[in-house]
Number of protein chains: 2
Amino acid sequence: MNKENLSAVLRQHGICPTQQRLAVYAYLQSHRTHPTVDTVYQALVKEQPSLSRTTVYNTMRALTDAGLIRVVTIDPDEQHFDAGIEDHGHFRCSRCGTVYDFPLSADTVRPLLPNGFSVTTWDIYTNGVCPHCQ
Amino acid sequence: MNKENLSAVLRQHGICPTQQRLAVYAYLQSHRTHPTVDTVYQALVKEQPSLSRTTVYNTMRALTDAGLIRVVTIDPDEQHFDAGIEDHGHFRCSRCGTVYDFPLSADTVRPLLPNGFSVTTWDIYTNGVCPHCQ
DNA sequence: TTACTGTTTTGTAATGATTACAAATTCAGT
DNA sequence: ACTGAATTTGTAATCATTACAAAACAGTAA
C-alpha cells in the first residue's frame, strides 16, 4: 500500500495523517514481524532524527483504538504491535523470542468462546520452540 | 487441599515447602480470582508482617517453572497468576478489569494449533464486557 | 502578512512493575 | 552450638510506559 492509500485509511478512521503517523503505520504494514515500540522508534529515528518515542507510543494508541493494528501481549516484558488484523494466532519461541503468525479462521474459534459475555476481541497465544531453534 | 497436601505437592516438584511458599500457593489455590503479585502480597503480609514482595515474586517464578501455576498475561499492566492449570480460557472485562475463566477442552483447541511448531503452552484470551458491567 | 486557535510533537520527569543484589535469617546435619 | 547451603528480606536499580507542559505546526479569518 502506498502513502496515499495509507493516508486515506487513517483519515477514514478519524486520524489526521501526519508525517510521523504515516511513517509508523507504513512501517508496521511493511514489517510484519510484530515489532515493539522501541524497534519502530529505532528504525524511524534514522530518517526523522527529531522523532520522539512518545509520538510512537501515542500513534500506537491511536491506531489501536481505531482498530487498524492490534497489540500482541504474548511477551511479558514488552508490547508488540501487528498491522495484520485478519484472523490469525500467534506463536512465540521461548528460545529466540520471535513471534510468528499462524492461520486461524474466526469460524473455528467462535464456537469456543464463552456464552453470556460480549466478546469484542480474542487472541490465541502459543509458546514453545520454533522449527528454527529445534 | 490442606497444608500437608500442598506441602507434598511442592516437594514432589522439587520446591522446598517453606512457610512463605505454602502461604502463597495456598492463597492461589483458594482464590481463583487471578490475583496479581501485589494482591497476594497485601493479603498475606497481614499475617506475616515480615513478608517481602520479592519473596512473592520468587515464589511465583518457582511455581510457574514447576508448572503448578500459570501466568496470565491478559492485562498489559500487570501479570496475573492462576492456580487452575486444567484447560480453560480467560476473559477480561474492559470495564471492571475482572478476569474470568471459561471452560475449554484441549481436544477442541489442539486442531487449531500450528503445525511444525512444538507447542508447549497455549492460552486463549478474550476481551469485552462482562454480564455484570453490561 | 499577521494574529489566533486547535492539534500534534517533543523532551523530560514521574510512575510503577519487576529484577538484581547483598546482608540477614533459617535450617538441616554434624 | 557450628558450619554451610538455601531462603528471605529490604533496598536499590532497571526499564517500559505514561503524564505533562512547552515548542512546533497547520489552518483560518481579518
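Above this text you will find the structure in question.
Described in the following lines is the structure provided in the data block. These numbers come from a predicted model, not from an experiment.

## Remarks on the protein's contact with DNA strand C
Item 1. By nearness alone, 16 residues border DNA strand C, and T18(A), S50(A), T55(A), Y57(B) and Q79(B) come closest of all.
Item 2. The share of sugar and phosphate among atoms of DNA strand C within 4 Å of the protein is 74%.
Item 3. In the environment of DNA strand C, a sugar or linking oxygen lies 3.0 Å from a nitrogen or oxygen atom belonging to the side chain of Q20(A).
Item 4. Between T55(A) and DNA strand C, the recorded distance is 2.9 Å, taken from a side-chain N or O atom to a phosphate oxygen.
Item 5. Listing elements by their share of the surface near DNA strand C, those giving two or more residues are α2 (19-30) and α4 (53-65) of chain A together with α4 (53-65) of chain B.
Item 6. Along the lines of polarity and charge, the residues of the surface near DNA strand C split into three nonpolar, nine polar and four charged.

## So, unusual backbone geometry
Most of the time, phi is negative for any residue but glycine, and the peptide bond is trans.
Item 1. In this structure, H34(A) takes a positive phi of about 55° despite not being glycine.
Item 2. Mapped onto the elements, H34(A) comes out in the loop between α2 and α3 (37-44).

## Describing the relation of the copies chain A and chain B
Item 1. Laying chain A over chain B is done by rotating through 180° and shifting 0.0 Å along the axis; what remains is an RMSD of 0.0 Å. Seen this way, the second copy is the image of the first under a two-fold rotation axis. When each C-alpha of chain A is compared by its distance to the rotation axis, I124(A) comes out closest, at 2.3 Å.

## Side note on the interface of chain A and chain B
Note on interface size: it is often stated as the accessible area lost on association of the parts.
Item 1. Each partner contributes residues to the interface: chain A has 29 residues there, and chain B has 29 residues.
Item 2. Between chain A and chain B lies a buried interface of about 2400 Å² when both sides are counted; carbon and sulfur atoms form 63% of it.
Item 3. The interface formed by chain A and chain B includes zero salt bridges.
Item 4. Inspection of the chain A/chain B interface yields eleven residue pairs in polar contact (both at pLDDT 80 or more).
Item 5. Of all elements in the fold, only β4 (99-103), α5 (106-109) and β5 (118-129) of chain A reach the threshold of two or more residues within the side of chain A that touches chain B.

## Observations concerning the side chain of D82(A)
All names here are of chain A.
Item 1. Looking at the element boundaries, D82 is found in strand β2 (residues 80-82).
Item 2. Put simply, D82 is tucked away with no salt bridge, and the nearest opposite charge, on R32, sits 5.0 Å away.
Item 3. Separated by 3.0 Å, the side chains of D82 and H90 make a polar contact.
Item 4. Contacts of D82, omitting those with residues within four sequence positions, involve H34, I69, R70, V72, H88, H90 and D101.

## A few points about the protein's contact with DNA strand D
Item 1. Of all residues adjacent to DNA strand D, which total 15 residues, the nearest are Y57(A), Q79(A), T18(B), S50(B) and T55(B).
Item 2. In this structure, Q79(A) approaches DNA strand D through a main-chain N or O atom, which is 3.1 Å from a phosphate oxygen.
Item 3. For DNA strand D, a phosphate oxygen lies 2.4 Å from a polar atom in the side chain of T18(B).
Item 4. For the surface near DNA strand D, the elements supplying multiple residues, two or more each, are α4 of chain A together with α2 (19-30) and α4 of chain B.
Item 5. With three residues, the single largest contributor to the surface near DNA strand D is α4(A).
Item 6. Looking at the surface near DNA strand D residue by residue, the class counts come to three nonpolar, eight polar and four charged.

## Describing the pattern of salt bridges
Two side chains of opposite charge can pair, provided their charged atoms sit close to one another.
Item 1. Within the structure shown, the criterion is met by eight salt bridges over all chains.
Item 2. The salt bridge partner of D38(A) is R53(A), with a shortest N-O separation of 2.1 Å. With a gap of 15 residues between them, D38(A) in helix α3 and R53(A) in helix α4 connect regions that are remote in the sequence.
Item 3. The partner of D123(B) in a salt bridge is R70(B), and the shortest N-O contact between them spans 2.7 Å.

Reading the values: the criteria
- Residues numbered from 1 in each chain as written.
- Chains lettered and ligands numbered in written order.
- Predicted model: local features only at pLDDT ≥ 70, side-chain atom pairs only at ≥ 80, totals over all residues.
- Heavy atoms only, no water.
- Near = heavy atom within 4 Å.
- Polar contact = N/O pair within 3.5 Å; in protein donor to acceptor, adjacent residues only side chain to side chain.
- Helix = DSSP H or I, 4+ residues; strand = E, 2+ residues; numbered from the N terminus.
- Nonpolar A, V, L, I, M, F, W, Y, C, P; charged D, E, K, R; others polar.
- Least-squares fit on C-alpha atoms with pLDDT ≥ 70 in both.
- Contact = heavy atoms within 4.5 Å.
- Buried area = accessible area lost by both parts, 1.4 Å probe.
- Salt bridge = Lys/Arg side-chain N within 4 Å of Asp/Glu carboxyl O.
- Buried < 20%, exposed > 50% of the residue type's maximum accessible area, 1.4 Å probe, protein only.
- Lys, Arg positive; Asp, Glu negative; His and termini not counted.

Note that all results are geometric; they support no functional claim without further evidence.
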